[in-house]
Each structure stands twice: as C-alpha cells, then as structure tokens.
Amino acid sequence: MGLGGCIILIAVGAILTFATDWDMQGVNLDLVGIILMIVGLIGVTTFSSIARRRRVMVPPASTTVVETDRRRDGYSDGYGV
C-alpha cells in the first residue's frame, strides 16, 4: 500500500468517525473509523521511513587521474636537447 492508500484510509476513517450518524446493529462505526485512521497513520509513518532510507545520497567515487609520459621520440623535455 502506498502513500495514497494510507491517506485514503485516514480520510475514510475520519468520515466514518466524525461525519456519519448511521446506526448499525453489532458494528460501532466510530470505532471502525478510529481503527482505519490508526492503520492509515501507521502506514504513512512506515512509508515515510522506507522512503527516507531510499533517498540516502552516496557521493560518487572519485576517479584518480594518472598522467603517463607518452613521448616515444627520445626527448625528455620536449626541446630536442
């Protein structure tokens, strides 16, 4: 379940808890709404902690530049002496 699913759970739980006045025999809709909101909050915190771990920036490995002397004409200083 992603972040969107967790937010939907929180919204549905809030609607069931605060915006409805339905009476169902054997079901307490206020309690169901609170449970849905708690599960949604747990999902949001879990998702954010996983996303934070994925975003760890690793610096790129620095490459070492090695200059080699590629002159093969016998001159050591380039002036012909």
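Further up the page is the structure itself.
What you see is a predicted model, and the numbers here were worked out from it, not measured in a lab.

Asker: What is the right way to look at the environment of Leu29 in this model?
Answerer: Locating Leu29 in the fold gives a position in helix 2 (residues 29-54). For the pair Leu29 and Phe18, spaced eleven residues apart in sequence, the C-alpha separation works out to 9.7 Å. Those residues within four positions of Leu29 in sequence are excluded, and the remaining contacts are Leu16, Trp22 and Met24.

Asker: In this structure, what is going on with the side chain of Thr20? I would like to understand it.
Answerer: Locating Thr20 in the fold gives a position in the loop between helix 1 (3-19) and helix 2. Side-chain polar atoms of Thr20 contact the backbone oxygen of Leu16, separated by 2.8 Å.

Asker: Would you mind going over helix 1 with me for this structure?
Answerer: One full turn of an α-helix is made of 3.6 residues, so residues set three or four places apart face in the same direction. For helix 1, which comprises 17 residues, the first-to-last C-alpha distance of 23 Å matches the rise-based estimate of 24 Å (1.5 Å per residue) to within 8%. Here helix 1 has its buried residues at Cys6, Gly13, Leu16 and Thr17. Projected down its long axis, helix 1 carries its buried residues within an arc of 95°, all on one side. Away from its buried face, by an angle of more than 90 degrees, helix 1 presents the exposed residues Ile8, Phe18 and Ala19.

Here is what the cut-offs are and how they apply
- The residue count restarts for each chain, going from 1 along the sequence in the order it is written.
- Under the rules for a predicted model, residues below a pLDDT of 70 receive no local features and side-chain atom pairs below 80 are neither given nor counted, while totals for whole chains, interfaces and linings still include all residues.
- For side-chain calculations, the full set of non-hydrogen atoms in the structure is used, while hydrogens and water are omitted.
- Every helix listed is a DSSP run of H or I at least four residues long, and every strand listed is a run of E at least two residues long, numbered separately from the N terminus.
- Contacts are assigned to residue pairs that have any heavy atoms within 4.5 Å of one another.
- Identification of polar contacts relies on pairs of N or O atoms within 3.5 Å, with a donor-acceptor requirement for protein atoms, meaning one able to donate a hydrogen and the other able to accept it, and with residues adjacent in sequence counted only if both atoms are side-chain atoms.
- Expected helix span is computed as 1.5 Å times (number of residues minus one).
- Buried residues are those whose accessible area, probed at 1.4 Å on protein chains only, stays under 20% of the maximum for their type, while exposed residues exceed 50% and partly exposed ones sit between those limits.
- When we speak of the arc, we mean the arc of directions from the helix axis to the C-beta atoms.

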